[in-house]
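Commentary on secondary and tertiary structure
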Amino acid sequence: MGVFHESEIKINVSIREDVVREERDKNDRTYNMDAQIGESSACATALLCGVKANFETVGLDTRGRFENCFSSFSSRVSSLIDWAQESGKSTGIVTNTRITHATPAALYGHSPSRYWEDDSKVPPAARKSCKDLARQLIENDPGRNINVLMGGGRRHWLPKVANDPELTKEEGRRLDGRNLIDDWLRDKRRRQLKAEYVWNKGQLDKINPNEVDYLLGLFAYSHMDFEADRDPGAQGDPSLADMTRSALSILQKNNKGFFLFVEGGRIDHAHHYNNAYRALDETLAMETALLAAMALVNPTETLLVLTADHSHVLTMGGQATPRGQPILGMDSKVSDIDGQPYSTILYGNGPGFSNPRIIPLNTTGFVDDKNQVHTSAVPRQWATHGGEDVPVYALGPLATTLFTGVFDQSYIPHAIAYSACLGEHRLRCQGLDNFSSPMTNCVVPEVSSVSGANGPVVIASSVMADDGVRQKTTSNESDKKKVDLKIELVLIGLFKLILT
């Protein structure tokens, strides 16, 4: 790749070098239908609904026009959560952004503007016809049937007359007078569903998953804190890994399987600030969540997909820089033009521009390091996204068969649906396609290089065994059918979004 991309940092921490080398040719294109550099809500629509979309629209195909309420009536598209619920699976969303933010909104919302998170953002003329995203989440399918919702953004759920429970001087932003948290709870009671609402880590820790089928966790007024600034106490926020474990404890009760979306959305925010420390720290938090999920699921029947919705204008440079040089520090040589030092990590544009340029701090102090803004080439209030392809990493049934080569972002949810027999591929696991013609069985499970208690673990994808030879299993037909039918988890880690 031409840039130093955060997803490579994360994967290299925990996956063997030979696996990473094999995975690097799996990339997806992130452009939008009307923009060559991808924007988050349109990228999310492609990534989660399977169609390319227009800039700053969400859950709509290309007939949707920005801020045109009428255009959203005939352009709505379904998502992976729709398809999973149709198959009887439990569903969940975990994010450290607002739960109504651009990326998670693509799983349940349909809006001509990603910014219509509550009714105060919807133009008055459109309020009677187009619901804001928070209302769609609690009133419409599939949102009202999502089992686990965890993230930030209480301000879009509370009315102007209500104070936030944590930032007590802040009020809600809704103009319709509704408290959507109360409405969510009321809907679950009316349907006799076991539901709980929590807003801090202590309350989440007390949840008994055996007694809860629906969980709403709103842990911040807006976005959740960066991991570097997070209060880990009972009154603070859970980590991304904490939320992932809690979500899985509820979703795994469904014997038909589940779909879980996990977003490390604050990676993107730090990059928009040109704050490499927090961006990389958030990447490690995303990796911790991934490892937490991997420890709780069975790789023979669980598909995990890790990718980004877009890249950033981050690069890593140096002239004969020695191995082990601090990634957040300076290059070992100074510029041969002005004789000044420069940081190893640089940004193409953003708030780090100055003339004369910023000289990096020569310090190892934690506070200074985490707040450092790295140099950019072009001045902007916020750094932009990047336009290159992003990597896709997958583990589980059919992973190496379906996720290989270079493809458009909109391919990914269809590949997931094929593996898990969802949506247009719902009949595949019955030995049929949706045109009622007999199909051959799926790829026979092969022995992976992942070791288990009784030897290599069987994964339904083409990966190598410990001895480097591809091996067929002796699984009988019922075992192969189980692999097809019980694909449970799709974990998509995304690097996220613009602050609004």
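Counting restarts for each chain: residues are numbered from 1 in the order of the written sequence. pLDDT decides what is reported in this predicted model: residues at 70 or higher carry local features, side-chain atom pairs at 80 or more are listed and counted, and totals for whole chains, interfaces and linings draw on all residues regardless. To get the side-chain values, all heavy atoms of the structure are used, and hydrogens and water are removed first.

Digging into the overall build of the protein
A tally of helices and strands in the protein yields 15 helices and 16 strands. Expressed as a percentage of the 500 residues in the protein, the buried residues total 55%. Across the protein, the fraction of contacts at a sequence separation of at least 24, relative to all contacts at a separation of at least 6, is 68%. Throughout, the Shrake-Rupley method with a 1.4 Å probe supplies accessible areas, and for residues the shown protein chains are the sole cover considered. About 20,600 Å² of surface is accessible on the protein, with carbon and sulfur atoms providing 51% of the total. Numbering goes from the N terminus for both helices and strands, where a helix is a DSSP run of H or I of at least four residues and a strand is a run of E of at least two. We call a residue buried when its accessible area falls under 20% of the maximum for its residue type, exposed when it is over 50%, and partly exposed in between, using a 1.4 Å probe and counting protein chains only. Contacts were defined at the residue level, with two residues in contact if any of their heavy atoms lie within 4.5 Å.

A closer look at the side chain of Ser75
With respect to the element layout, Ser75 can be found in the loop between helix 3 (40-49) and helix 4 (80-86). By relative accessible area, which is 0% here, Ser75 ends up buried. We define a polar contact as two N or O atoms separated by no more than 3.5 Å, with the added condition that, inside protein, one atom must be a possible hydrogen donor and the other a possible acceptor, whereas residues neighbouring each other in sequence contribute only through side-chain atom pairs. Among the polar contacts made by the side chain of Ser75, one reaches the main-chain carbonyl oxygen of Ser71 at a distance of 2.7 Å. Those residues in contact with Ser75, other than ones at most four positions away along the chain, are Gly59, Leu60, Asp61, Arg63 and Gly64.

So, the packing of aromatic side chains
Working definition: rings of Phe, Tyr and Trp (its six-membered ring) pair if their centres are within 6.5 Å, and the pair is stacked with planes under 30 degrees apart, edge-to-face with planes over 60 apart, and tilted otherwise. The final tally for this structure, using the stated rule, is five aromatic pairs. Between the aromatic rings of Phe226 and Tyr273, the centroid separation amounts to 6.4 Å while the plane-to-plane angle is 65°, which identifies the pairing as edge-to-face. Placement of the pair is Phe226 in the loop between strand 5 (214-218) and helix 9 (240-251) and Tyr273 in the loop between helix 10 (266-272) and helix 11 (276-296), with a sequence separation of 47 residues. One aromatic cluster is present, built from ring pairs that chain together Phe226, Tyr273 and Trp382. Lying over the aromatic face of Tyr31, Lys52 brings its terminal NZ or CZ to 3.7 Å of the ring centre. A ring is considered to have a charge above it if a Lys NZ or an Arg CZ atom is located within 6 Å of its centre and within 35 degrees of its normal.

Brief notes about the pairing of strand 1 (residues 26-29)
By the bridge criterion, four bridges tie strand 1 to strand 14 (residues 405-408) in an arrangement that is parallel. Counted as the bridge partner of Asp28 is Phe407 from strand 14. Direction of pairing for strand 1 relative to strand 13 (residues 390-395): antiparallel, over a ladder of two bridges. Within strand 13, the position partnered with Asn27 by the bridge is Pro391. DSSP bridges decide pairing: two strands pair if at least two such bridges lie between them.

Comments concerning the nonpolar core
Within the largest apolar cluster, 49 residues are counted, with the highest numbers of intra-cluster contacts made by Leu48, Ile93, Leu149, Trp157, Trp184, Leu216 and Phe403. Among the elements that line this core, the one with the most residues is helix 14 (residues 412-420), at five residues. Buried Ala, Val, Leu, Ile, Met, Phe, Trp, Tyr and Cys residues that are joined via side-chain atoms within 4.5 Å together make up what is termed a nonpolar core. Formed by 31 residues, the second largest nonpolar core is a distinct cluster that contains Val94, Ala220, Met243 and Leu260.

Observations regarding the pattern of salt bridges
In the sections that follow, a salt bridge refers to a side-chain nitrogen of Lys or Arg positioned within 4 Å of a carboxyl oxygen of Asp or Glu. Summed over all chains, the structure comprises 27 salt bridges. Asp132 serves as the salt-bridge partner of Arg174, at 2.9 Å between the closest nitrogen and oxygen. Here Asp132 lies in the loop between helix 5 (102-105) and helix 6 (133-139) and Arg174 lies in the loop between strand 3 (148-152) and helix 7 (180-190), a separation of 42 residues in the sequence. Residue Arg174 shares its accessibility class with Asp132, and that shared class is buried.

Examining the sheet that holds strand 3
One open sheet accounts for five strands, arranged 4-5-3-2-6; its pairing is parallel. Among the strands making up the open sheet, the edge pair consists of strand 4 (195-198) and strand 6 (258-263). Strand-to-strand twist across the sheet, computed as the mean angle between neighbouring axes with direction ignored, equals 5°. As defined by bridge partners, strand 2 (residues 90-98) adjoins strand 3 across four bridges and the pair is classed as parallel. Bridge pairing in strand 3 links Ile93 to Leu149. Only the stretch in contact is used when a helix axis is fitted, and all axes are lines through C-alpha atoms; the angle between N-to-C directions ranges over 0 to 180 degrees.

Digging into the confidence of the model for the protein
Per-residue confidence from the predictor is given as pLDDT, running between 0 and 100. The pLDDT averaged across the protein works out to 84; a share of 80% of its residues lies at or above 70. Counted against residues more than four places away or in other chains, residues 1-24, with its pLDDT under 50, gives 50 contacts. Between residues 436-500, whose pLDDT stays under 50, and residues either more than four places distant or in other chains, the model counts 207 contacts.

Structural notes on the packing of helix 9 against helix 11
Where helix 9 meets helix 11, the closest approach of the two axes is 8 Å, and the angle between their N-to-C directions is 25°. With respect to helix 11, the axis of helix 9 lies roughly parallel. Where helix 9 crosses over helix 11, the handedness of that crossing is right-handed. For the pair formed by helix 9 and helix 11, the contact residues are Leu240, Ala241, Thr244, Arg245 and Leu248 on the first element and Ala285, Met286, Thr288, Ala289, Ala292, Ala293 and Leu296 on the second. Throughout, the term roughly parallel applies to angles under 35 degrees, roughly antiparallel to angles over 145, roughly perpendicular to angles from 65 to 115, and oblique to all others. Left-handed describes a crossing whose near helix is turned anticlockwise from the far helix by less than a right angle; the clockwise case is right-handed.

Looking at empty space enclosed by the protein
Definitions used throughout: a 1 Å grid over protein atoms alone; a cavity as a set of points that fits a 1.4 Å probe which cannot get out; a pocket as an open set with protein on both sides within 12 Å along at least five of seven lines; a lining residue as one with an atom within 4 Å of a point. Grid points are joined across faces, edges and corners, and a volume is the space filled by probe spheres set on the points. In total, this model carries one cavity of 30 Å³ or more according to the counting rule given. What the largest cavity holds in volume is close to 60 Å³. Lining the largest cavity are Asn96, Met224, Asp225, Phe226, Glu227, Arg230, Pro238, Ser239, Leu240, Glu282 and Ala285. As a working rule, the residues Ala, Val, Leu, Ile, Met, Phe, Trp, Tyr, Cys and Pro are called nonpolar, Asp, Glu, Lys and Arg charged, and the rest polar, with Gly in that last group. Residue classes in the lining of the largest cavity are distributed as five nonpolar, two polar and four charged.

Section: the state of the cysteines
Note: disulfide means a covalent bond formed between the sulfur atoms of two cysteine side chains. Here, two cysteine sulfur atoms that lie within 2.5 Å of each other are counted as a disulfide. A complete count under the given rule lists two disulfides for this structure. Here Cys421 connects covalently by a disulfide to Cys429, the sulfurs 1.8 Å from one another. Its S-S torsion of approximately 75° makes the covalent link between Cys421 and Cys429 right-handed. Take Cys421: its relative accessible area is 7%, and that puts it in the buried class. Under the relative-accessibility criterion, Cys429 is labelled buried at 9%. Each disulfide of the protein joins two cysteines, and with those cysteines numbered along the sequence the arrangement is 1-2, 3-4.

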